[in-house]
Amino acid sequence: MSKSLLMISRQAPWSGPSAREALDIVLAGGAFDLPIGLLFMDDGVFQLMPNQNAKAVQQKDLSANLQALELFGVEEVFACRHSLAERGLVPPASAQPLSSDAIGELIDRYDQVITL
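A short tour of the structure in this document, coming up. (Residues numbered from 1 in each chain as written. Predicted model: local features only at pLDDT ≥ 70, side-chain atom pairs only at ≥ 80, totals over all residues. Heavy atoms only, no water.)

Despite not being glycine, aspartate 33 has its phi angle at roughly 55 degrees, a positive value. Its location among the elements puts aspartate 33 in the loop between helix H1 (18-31) and strand S2 (36-40). For aspartate 33, a relative accessible area of 66% gives the class exposed. (Helix = DSSP H or I, 4+ residues; strand = E, 2+ residues; numbered from the N terminus. Buried < 20%, exposed > 50% of the residue type's maximum accessible area, 1.4 Å probe, protein only.)

Of all 5 residues making up S2, 5 are buried, and the element is well covered by its neighbours. Burial of S2 is two-sided: the residues Ile36, Leu38 and Phe40 facing one way and the residues Gly37 and Leu39 facing the other way are all buried. At this point the chain moves from strand S1 (residues 5-9), through H1, to the parallel S2, and the crossover so formed is right-handed. Of the strand pairs in this sheet, S2 and strand S3 (residues 76-80) are connected by 4 bridges, and their pairing is parallel. Paired with glycine 37 across the bridge in S3 is glutamate 76. (Right-handed = clockwise from strand over helix to strand, strands pointing away. Pairing = 2+ DSSP bridges.)

What follows is about the nonpolar core. By size, the foremost hydrophobic cluster in this structure holds 23 residues, and its most contacted members are Val26, Leu38, Phe40 and Leu69. Residue assignment for this core shows that the elements contributing at least two residues are S1, H1, S2, helix H2 (63-68) and S3. Once residues within four sequence positions are removed from consideration, leucine 69 is found in contact with Leu23, Val26, Leu27, Leu38, Val74 and Val77. Counting 10 residues, the second largest nonpolar core, distinct from the first, contains Leu6, Ile8, Cys80 and Leu98. (Core = buried A, V, L, I, M, F, W, Y, C linked by side-chain atoms within 4.5 Å. Contact = heavy atoms within 4.5 Å.)

Secondary-structure assignment places glutamine 47 in the loop between S2 and H2. Given a relative accessible area of 4%, glutamine 47 falls into the buried group. Of note is the side chain of glutamine 47, whose polar atom sits 2.7 Å from the side chain of serine 9. (Polar contact = N/O pair within 3.5 Å; in protein donor to acceptor, adjacent residues only side chain to side chain.)

On to the side chain of serine 4, then. Among the secondary structure elements, serine 4 is positioned in the segment before S1. With a relative accessible area of 11%, serine 4 lands in the buried category. Excluding anything up to four places from it in sequence, serine 4 contacts Pro35, Arg109, Tyr110, Asp111 and Gln112.

In C-alpha cells, the structure reads:
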C-alpha cells in the first residue's frame, strides 16, 4: 500500500523555486496515484489568488499547475484560514480553508509530510 503524502507550501508564488517545486512534487505524486494532499500556509496562500502577473517578475505562471491538480487526482487541497485572514484574502473555491486545530488533525492523517 502506498504511503500518503502531505505537501505544505509556505512560499509566495515567485519568492524563489520552492512554490514551483512543491507543485511539481504534488503533480508527480498524483501521476503515480500516490495518496497526496496539498496545504497552503503563510505566504503560500498567495499561490491560490487569481490574476497573477508572472511576467512582471520574469517568472513562469503557476496557475496552469494549480489547475492541473484535479487532472492528476489531487483532490485534497487546503489553505490555512489564519494565513488567509492575516493577508486579507478571501478563501478561494479551489482550497478548503482550515483552522489551526484542523491543520494539526490533517497532518496526523498523512504518513509523510514535506514542507517547502
